[in-house]
There are 2 protein chains.
Amino acid sequence: MTSEQLSKTLSTNPVVIRRIMAGLRDMGIVRSERGHGGGWTISRDLATVSLRDVYTALGEPMVFALGNRQEMPDCLVEQAVNAALDDAFRAAEVLLIERLGEVTLADLAADFHERWKQNKTKKANPHAA
Amino acid sequence: MTSEQLSKTLSTNPVVIRRIMAGLRDMGIVRSERGHGGGWTISRDLATVSLRDVYTALGEPMVFALGNRQEMPDCLVEQAVNAALDDAFRAAEVLLIERLGEVTLADLAADFHERWKQNKTKKANPHAA
DNA sequence: CTTTCTCGTAACATATAAAGTTGCATGAAA
DNA sequence: TTTCATGCAACTTTATATGTTACGAGAAAG
């Protein structure tokens, strides 16, 4: 698919798509081709790509909205608070990334197909139990 | 202390202090008094207040910077991704909050005093091992 | 009872970062 | 050589958190 097509599907802008896909391309998850007939193609078996890989490809963006704080403040109170929060945040982040590593894009595809079937059934029989 | 004093200590604005302290007050962690000689006082034993209580008092702000997404999108792909992410995020959040519940303000105070002593020693003997 | 000091709160302003946009260069196929 | 695509830099817009101003209300001091 082209960035143009993807951006319409996702209600955004082709350049935004390219920005995001660039990370995935550098990790070898997708490939891009220029020129006529070009666009984006998947270049790996979906079963070999985990959400953790995607997270890494996207530059490991900040996981937490909280705790966007100074690394080594002079304030001793702040230091004490940071030490406590760092422990907790680090533990939570480790668990999160571990979980992301357990889900592959193939899993997501399977889940999607499941939902797709459910959806068709529901549309045919809107009032079924 | 007054909001004015606190705001100077924390390099911010008195109104910001009041906004934040309002949550702590509603949870009974601090008390505010108006008028001459008023200000903020701690109203509970620090050993009975955990970081989790503070988190709750602050209105349980969003923990994660990622996944700021629609609850039940029409897009089945988005649904599948959300389901996977929700699992992971929920697990991480549970762990984080559990950890926050294990740290009391008294713990932080003790840690602060430890740092304070260290700091004094270092100032007296800057080149000690 | 008037002044002074404080919080409470709403409304407004500013700053920052994420998202979106424009423009143009580069490469590839028709 | 025209058309279609990505690559990339620079700029604009938008959203949100933070900071600010203004004023009302309560409480103590004089």
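Only a predicted model underlies this, so the values are computations on that prediction, with no experimental measurement involved.

Caption draft 1: Just the relation of the copies chain A and chain B, in detail. At an RMSD of 0.1 Å, chain A and chain B line up after a rotation of 180 degrees and a shift of 0.0 Å along the axis. What the superposition gives is, in effect, a two-fold axis relating one chain to the other.

Caption draft 2: Just unusual backbone geometry, in detail. Although it is not a glycine, serine 11 of chain A sits at a positive phi angle of roughly 55 degrees. Examined against the element boundaries, serine 11 of chain A turns out to sit in the loop between helix H1 (3-9) and helix H2 (14-26). A positive phi angle, near 45 degrees, is found at glutamate 60 of chain B, a position not held by glycine. Tracing the sequence through the fold places glutamate 60 of chain B in the loop between helix H3 (51-57) and helix H4 (76-101). A relative accessible area of 44% means that glutamate 60 of chain B is categorised as partly exposed.

Caption draft 3: Just the protein's contact with DNA strand D, in detail. In the region of DNA strand D, 22 residues are neighbours, and Ser3, Arg18 and Arg25 of chain A together with Arg19 and Gly35 of chain B sit closest. When atoms of DNA strand D within 4 Å of the protein are split into backbone and base, the sugar-phosphate part holds 60%. In this structure, a phosphate oxygen belonging to DNA strand D sits 2.5 Å away from a main-chain N or O atom of serine 3 of chain A. A distance of 2.9 Å separates a phosphate oxygen of DNA strand D from a polar side-chain atom of threonine 12 of chain B. The set of elements that each furnish at least two residues to the surface near DNA strand D consists of H2, strand E1 (30-33) and strand E2 (39-42) of chain A together with helix H2 (14-26) of chain B.

Caption draft 4: Structural view of the packing of aromatic side chains. With the rule as written, the count across this model stands at 5 aromatic pairs over all chains. Ring geometry for phenylalanine 64 of chain A against phenylalanine 89 of chain A: centres 4.7 Å apart, planes inclined by 50 degrees, an arrangement best described as tilted. Within this pair, whereas phenylalanine 64 of chain A is found in the loop between helix H3 (51-57) and helix H4 (76-101), its partner phenylalanine 89 of chain A is found in helix H4, the two being separated by 25 residues in sequence. Considered together, phenylalanine 64 of chain A and phenylalanine 89 of chain A belong to a single accessibility category, that of buried residues. Judged by centre distance (5.6 Å) and plane angle (25 degrees), the rings of phenylalanine 64 of chain A and phenylalanine 64 of chain B are stacked. With phenylalanine 64 of chain A in the loop between H3 and H4 and phenylalanine 64 of chain B in the loop between H3 and H4, the pair connects residues from two separate chains. The burial state of phenylalanine 64 of chain A is the same as that of phenylalanine 64 of chain B; both residues are buried. In this structure an aromatic cluster arises from ring pairing among Phe64 and Phe89 of chain A together with Phe64 and Phe89 of chain B.

What counts as what
Residues numbered from 1 in each chain as written. Chains lettered and ligands numbered in written order. Predicted model: local features only at pLDDT ≥ 70, side-chain atom pairs only at ≥ 80, totals over all residues. Heavy atoms only, no water. Least-squares fit on C-alpha atoms with pLDDT ≥ 70 in both. Helix = DSSP H or I, 4+ residues; strand = E, 2+ residues; numbered from the N terminus. Buried < 20%, exposed > 50% of the residue type's maximum accessible area, 1.4 Å probe, protein only. Near = heavy atom within 4 Å. Polar contact = N/O pair within 3.5 Å; in protein donor to acceptor, adjacent residues only side chain to side chain. Phe/Tyr/Trp six-rings, centres within 6.5 Å; stacked < 30°, edge-to-face > 60°.

Read these as geometric descriptors, not functional statements.
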